[in-house]
Amino acid sequence: MVYVIAYLKAHAGRGDDVVALAAPLVEATRKEAGCVSYDLYRKPTEPDTLVFVENWKDRAAVDAHFAEPHLKAFQAAMADVLADARIEVMHPERIEVI
């Protein structure tokens, strides 16, 4: 198993935009081969801070996800919405920060 945690910090007042733009991404990603779970959470006390928590069969599935058109479209839409982002990919033997 490979776990991915993606931390997103939207510009002030833009958390709702992230949630709306992420809805099609979440729906499409859950249908991908190798996706075990894919969920978006929002910090209750910081509505502009969101976290994707993902579980994948293996790194190949994660790599395939990174190439999917629905992820690329989401990333493009986020260009003006996000203030900061950090992605951690957790393998059994190491943690990558991308």
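So, here's what we can say about the structure.

What counts and what doesn't
Residues numbered from 1 in each chain as written. Predicted model: local features only at pLDDT ≥ 70, side-chain atom pairs only at ≥ 80, totals over all residues. Heavy atoms only, no water. Pairing = 2+ DSSP bridges. Helix = DSSP H or I, 4+ residues; strand = E, 2+ residues; numbered from the N terminus. Axes fitted to C-alpha atoms, helices over the stretch in contact; angles between N-to-C directions. Contact = heavy atoms within 4.5 Å. Parallel < 35°, antiparallel > 145°, perpendicular 65-115°, else oblique. Nonpolar A, V, L, I, M, F, W, Y, C, P; charged D, E, K, R; others polar. Phe/Tyr/Trp six-rings, centres within 6.5 Å; stacked < 30°, edge-to-face > 60°. Buried < 20%, exposed > 50% of the residue type's maximum accessible area, 1.4 Å probe, protein only.

1. Some thoughts on the sheet that holds strand β4 (residues 82-90)
Thought 1: As summarised here, the arrangement of the 5 strands in space is β2-β3-β1-β4-β5, forming an open sheet in which the pairing is antiparallel. In this open sheet, the two edge strands, each paired with only one partner strand, are β2 (35-43) and β5 (95-97). Taking each pair of neighbouring strands and ignoring which way they run, the sheet shows an average axis angle of 15°.
Thought 2: Sheet topology places β4 next to β5; 3 bridges connect them, and they run antiparallel. Paired with E88 across the bridge in β5 is V97.
Thought 3: Here helix α2 (residues 59-66) sits on the sheet and contacts β1 (2-10), β2, β3 (46-56), β4 and β5; the angle it forms with β3, its principal contact strand, is near 130°.

2. Here we look at the packing of helix α1 (residues 15-29) against helix α3 (residues 69-78)
Thought 1: One can describe the packing of α1 onto α3 by two numbers: an axis separation of 9 Å at closest approach and a directional angle of 170°. The pairing of α1 with α3 is recorded here as roughly antiparallel in orientation. For the pair α1 and α3, contact is made by V18, L21, A22, L25, A28 and T29 and by H70, L71, F74, A77 and M78, respectively.
Thought 2: Here the contact of α1 with α3 is built from residues that sort into 9 nonpolar, 2 polar and no charged.

3. Structural notes on the packing of aromatic side chains
Thought 1: As enumerated under the stated definition, the model contains 3 aromatic pairs in all.
Thought 2: Seen in terms of ring centroids, Y38 and F52 are 5.3 Å apart; in terms of plane orientation they differ by 40°. Their pairing is tilted. Here Y38 is found in strand β2, whereas its partner F52 is found in strand β3, with 14 residues between them in sequence.
Thought 3: Overall, the relative accessible area of 2% leaves Y38 in the buried class.

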